[in-house]
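# What the coordinates show
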Amino acid sequence: MARVVVDVMPKPEILDPQGQAVANALPRLGFDGVTAVRQGKHFELEVADDVDDATLAKIAETFLANPVIEDWTVRRVEA
Amino acid sequence: MRVGVITFPGTLDDVDAQRAVRHADGEAVPLWHGDHDLKGVDAVIVPGGFSYGDYLRCGAIARFAPVMQEVVEAANKGMPVLGICNGFQILAEAHLLPGALTRNEKLHFVCRDQWLRVENNTTAWTTRYDRNAEILIPLKSGEGSYQADEDTLKELEDEHRIVFRYVGDNPNGSRNDIAGITNARGNVVGLMPHPEHAIDALTGPTDDGLGMFLSLLDTVVKA
């Protein structure tokens, strides 16, 4: 078994109102100096050893992310 | 005219969509998300709601439902398909329509009666309207902000594929005030507001939405 991490982020040109709301809340909570926040998704997949990188990319591109509005990265990590 | 109305786990507006079909003298045929079967219908409505709880992204899981594989195949052969609200999100995720629907610009769920302008009255679902007619129907969505890249927006504008545009204040930050679009062929239409909730003045703000279902009747009769 291997652990695979897929990170999905809104594309830079796509408005991220959730990230903006978090950024706007920080000064109100007394945290100064954070100039921008982008909010995305983080997936941890436990996969069998015979699942290859092409398959993982396909999972990310066709399902976990919507490439119209989101960028994605896939990486294998130590479990 | 037999019109299929799909029910997914979490669909809300299938009952009103079926009622709208009957108001247009059609037969509403319930379709189940788990069936590879369109039951021989002439057209399909993908109604609003929160299919699969909106998990992952709105429409992302519904897109892979067995019935949607049949809808995609039929739509590509020319069958009229209408996606309302969550249905629009599902059609975008299924790549039957370009772009994507994202969280409303100001994060608030918007629920109000909304004026729209009908800018394309040549689709399978809009022939009963005058071009540039303004209609008032309910809008109720939290993720209705239409987004697409510049090339796609230009293509939609140049090919007159923006079917409905918001009139007055843009309720959700949609690019180019887009409320609804069509595919190149004009058989697939998706919109965020709800024509099925405005088919008679007793239960809706107007009966302005009924024209979409009557338009379909004309389309099916001519076919």
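Residues numbered from 1 in each chain as written. Chains lettered and ligands numbered in written order. Predicted model: local features only at pLDDT ≥ 70, side-chain atom pairs only at ≥ 80, totals over all residues.

Our focus in this paragraph is the overall build of chain A. Per the secondary structure count, chain A includes two helices and three strands. Considered along the principal axes of its C-alpha atoms, chain A spans approximately 50 × 30 × 15 Å. By residue count, 13% of the 79 residues in chain A fall in the buried class. In chain A, 70% of the contacts between residues at least 6 apart in sequence involve partners at least 24 apart. (Helix = DSSP H or I, 4+ residues; strand = E, 2+ residues; numbered from the N terminus. Buried ≥ 20, exposed ≤ 12 C-beta atoms within 10 Å, placed from the backbone. Contact = placed C-beta atoms within 7 Å.)

Moving on, we get to helix H5 (residues 210-222) of chain B. Residue and element names in this part refer to chain B. Over its 13 residues, H5 runs 19 Å from end to end, which matches the ideal 18 Å to within 8%, given 1.5 Å per residue. Listed in full, the buried residues belonging to H5 are Leu 210, Gly 211, Met 212, Phe 213, Ser 215, Leu 216 and Thr 219. Check the buried side of H5 and you find it contacts strand S1 (2-7), helix H1 (14-23), strand S3 (43-46) and strand S4 (81-84). (Expected span 1.5 Å × (residues − 1).)

This part is about the pairing of strand S10 (residues 178-182) of chain B. All names here are of chain B. Most of S10 is tucked away, with five of its five residues classed as buried. Sheet topology places strand S9 (residues 162-166) next to S10; three bridges connect them, and they run antiparallel. Residue Phe 164 lies in a different strand from S10, and its bridge partner there is Gly 180. Bridge count for S10 against strand S11 (residues 188-191) is three bridges, and the pairing is antiparallel. Looking at the pairing, Gly 180 lines up with Leu 191 of S11. Counting the residues that bridge the hairpin from S10 to S11 gives five residues, and of these Gly 186 lies at a positive phi of roughly 85°. (Pairing = 2+ DSSP bridges.)

Attention now moves to the interface of chain A and chain B. Facing the nine residues of chain A at the interface are 13 residues of chain B. Looking at the side of chain A that touches chain B residue by residue, the classes come out as seven nonpolar, two polar and no charged. (Nonpolar A, V, L, I, M, F, W, Y, C, P; charged D, E, K, R; others polar.)

The next subject is the sheet that holds strand S3 (residues 70-77) of chain A. Sheet strands pair via backbone hydrogen bonds, and the direction of the pair is either parallel or antiparallel. Residue and element names in this part refer to chain A. Read from one edge to the other, the open sheet built from three strands follows the order S2-S1-S3, with strand pairing classed as antiparallel. The sheet terminates laterally at strand S2 (41-47) and S3, the two strands that pair on one side only. Across the sheet, the mean angle separating the axes of adjacent strands is 20° when strand polarity is ignored. As paired strands, strand S1 (residues 2-10) and S3 are joined by eight bridges and run antiparallel to one another. When the bridges of S3 are listed, Val 4 appears paired with Arg 76. (Axes fitted to C-alpha atoms, helices over the stretch in contact; angles between N-to-C directions.)

Attention shifts here to the sheet that holds S10 of chain B. Residue and element names in this part refer to chain B. Spatially, nine strands are ordered S2-S1-S3-S4-S11-S10-S9-S6-S7 in an open sheet, and the strand pairing comes out mixed. The sheet terminates laterally at strand S2 (27-32) and strand S7 (133-141), the two strands that pair on one side only. The mean inter-strand angle of the sheet, taken between neighbouring strand axes irrespective of direction, is 20°.

Quick look at the confidence of the model for chain B now. Here chain B averages 97 in pLDDT, while 100% of its residues score no lower than 70. On the interface metric, ipTM, the complex scores 0.89, and its pTM is 0.95. (pLDDT = per-residue confidence, 0-100.)

With that settled, the discussion passes to the nonpolar core. In a soluble, globular protein the nonpolar side chains are often hidden away together inside. With 69 residues, the main nonpolar core has Val 44, Val 81 and Leu 91 of chain B as its most contacted residues. Those residues in contact with Leu 91 of chain B that sit more than four places away from it in its chain are Val 46, Val 81, Gly 83, Leu 96, Leu 97, Val 188 and Gly 190 of chain B. Val 6, Val 8, Leu 64 and Ala 65 of chain A belong to the second largest nonpolar core, which has five residues in total. (Core = buried A, V, L, I, M, F, W, Y, C linked by C-beta atoms within 7 Å.)

So, on to unusual backbone geometry. Residues and elements named next belong to chain B. Phi is positive for Tyr 52, close to 50°, though the residue is something other than glycine. Here Tyr 52 lies in the loop between S3 and helix H2 (66-76). Phi at Asp 54 is positive, roughly 60°, even though this residue is not glycine. Following the sequence through the fold, Asp 54 ends up in the loop between S3 and H2. Classification of Asp 54 as partly exposed rests on a count of 18 C-beta atoms within 10 Å.

Residue and element names in this part refer to chain B. Following the UniProt record, the feature "active site" (unreviewed entry) maps to Cys 85, His 194 and Glu 196 here. The named residues occupy 112 residues along the chain; their greatest pairwise C-alpha distance, 10.9 Å, places them in one compact cluster. Take His 194: it is sitting in the loop between S11 and H5. The exposure class assigned to His 194 is buried, which follows from the 23 C-beta atoms found within 10 Å. His 194 has contacts with Asp 13, Gly 48, Ile 84, Cys 85, Ile 137, Pro 138 and Lys 140, leaving out every residue within four places of it along the chain. Structurally, Glu 196 can be placed in the loop between S11 and H5. With residues up to four places along the chain from it excluded, the contact list for Glu 196 reads Asp 13, Asp 16, Ala 17, Ala 20, Ile 84 and Gly 209. (UniProt positions renumbered as here; feature names shortened; annotations may be inferred.)

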